[in-house]
Amino acid sequence: MKRVLSVAVLLVALVSASTATADDGAGPFRVTVAAGNARVGVLVPAARAGRPAGGHFCTASVVAAPHRNLVVTAAHCLGGDGALVFVPGYRDGRAPYGVWTVERRFLPAGWVHGRHEDSDVGFLVVAPRGGREIQDVVGGNAFTTGTATGATAVTVTGYPDSRETPVSCTDKPVAHSATQQRVECPGFSGGTSGSPWVNGDGQVVGVLGGHDEGGATPRVSYSVVLGAEAERLYREAAGDP
């Protein structure tokens, strides 16, 4: 999980932010602001389902799937055996779209058998509430593999442990290695592991994690390059033959 080197989260980054061109999408880049998304929320131990403030520990988001019940996060967020809940759109102790019980967890073999940083992606199946699936309530972004690193800008949205509201930042990923990509967005400290990297087409093309379990500083964040292993895991979790 991302290690916290500073409890302060910059709402407007004191860095030289490059302004995006028309081809890159919305800008400015590398500026972290307070922002939210109904499809992005927090993971919370089930014992604290009724009082998530101060108890959330990772970020996750809803992805489109045939059974409309799938959430993606970082594999390293799912290491314990305790029951979990997911709270989409969480803000200041409130759960505007409900609290959703996690029924099943899916982790790739590379993570289960060796905690390999190139396998740091996991999925959760959540139970329905009131006869509705989570995707029916908040929608879901497409989980997309095989996208070239840096092909488009991405917007990263996550929940630092030190805050009860989410932050968001846009940047164009660059390659850290053949299997890892990174963005430079200040303020993504502990708790933002699992944050989705969403491109302008509404596709999740990264999940904050991977190298150094997401990054050793709040300024630079990493993701696995989503490839064949992530695709197989998605199909297994989604029940998609």
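Here we summarise the structure given alongside this text. Computed from a prediction, not measured in an experiment: that's the story for all the values here.

**Observations concerning the nonpolar core**
- Core analysis: the largest hydrophobic core is formed by 19 residues, its most contacted members being Val 63, Leu 70, Val 72, Val 121, Phe 123, Phe 143 and Tyr 234.
- Looking at this core, the elements with two or more residues in it are strand 4 (70-73), strand 7 (122-126), strand 14 (203-207) and helix 3 (228-238).
- A per-element tally of this core places helix 3 first, with five residues.
- In this structure, Leu 43, Cys 58, Leu 124 and Val 126 belong to the second largest nonpolar core, which totals 17 residues.

**A closer look at unusual backbone geometry**
- Notably, Arg 115 is not glycine yet its phi reads approximately 45°, a positive angle.
- Here Arg 115 shows up in the loop between helix 1 (109-112) and strand 7.
- Of note, Asp 212 is a non-glycine position whose phi angle comes to about 55°, a positive value.
- As for its placement among the helices and strands, Asp 212 is situated in the loop between strand 14 and strand 15 (220-224).

**A look at the sheet that holds strand 15**
- An order of 11-12-15 is seen for the three strands of this open sheet, with the pairing classed as antiparallel. Here the strands that pair on one side only, and so sit at the sheet edges, are strand 11 (174-175) and strand 15.
- Looking at chain direction, strand 12 (residues 180-184) and strand 15 are connected through five bridges and run antiparallel. Looking at strand 15, one finds that Gln 181 is bridged to Ser 223.

**Points about the state of the cysteines**
- Overall, the coordinates contain two disulfides when judged by the stated rule.
- The disulfide that involves Cys 58 links it to Cys 77, with 2.1 Å between the sulfurs. Here Cys 58 and Cys 77 share a disulfide; its torsion about the S-S bond, -80°, makes the bridge left-handed. Of the two residues, Cys 58 sits in strand 3 (residues 58-63) while Cys 77 sits in the loop between strand 4 and strand 5 (84-88), which places them 19 residues apart along the sequence.
- Between the sulfur atoms of Cys 169 and its disulfide partner Cys 185 the distance amounts to 2.2 Å. Of note, the bridge from Cys 169 to Cys 185 carries an S-S torsion of about -80° and is left-handed in sense.

Calculation notes
- Residues numbered from 1 in each chain as written.
- Predicted model: local features only at pLDDT ≥ 70, side-chain atom pairs only at ≥ 80, totals over all residues.
- Heavy atoms only, no water.
- Core = buried A, V, L, I, M, F, W, Y, C linked by side-chain atoms within 4.5 Å.
- Buried < 20%, exposed > 50% of the residue type's maximum accessible area, 1.4 Å probe, protein only.
- Helix = DSSP H or I, 4+ residues; strand = E, 2+ residues; numbered from the N terminus.
- Pairing = 2+ DSSP bridges.
- Disulfide = S-S within 2.5 Å.

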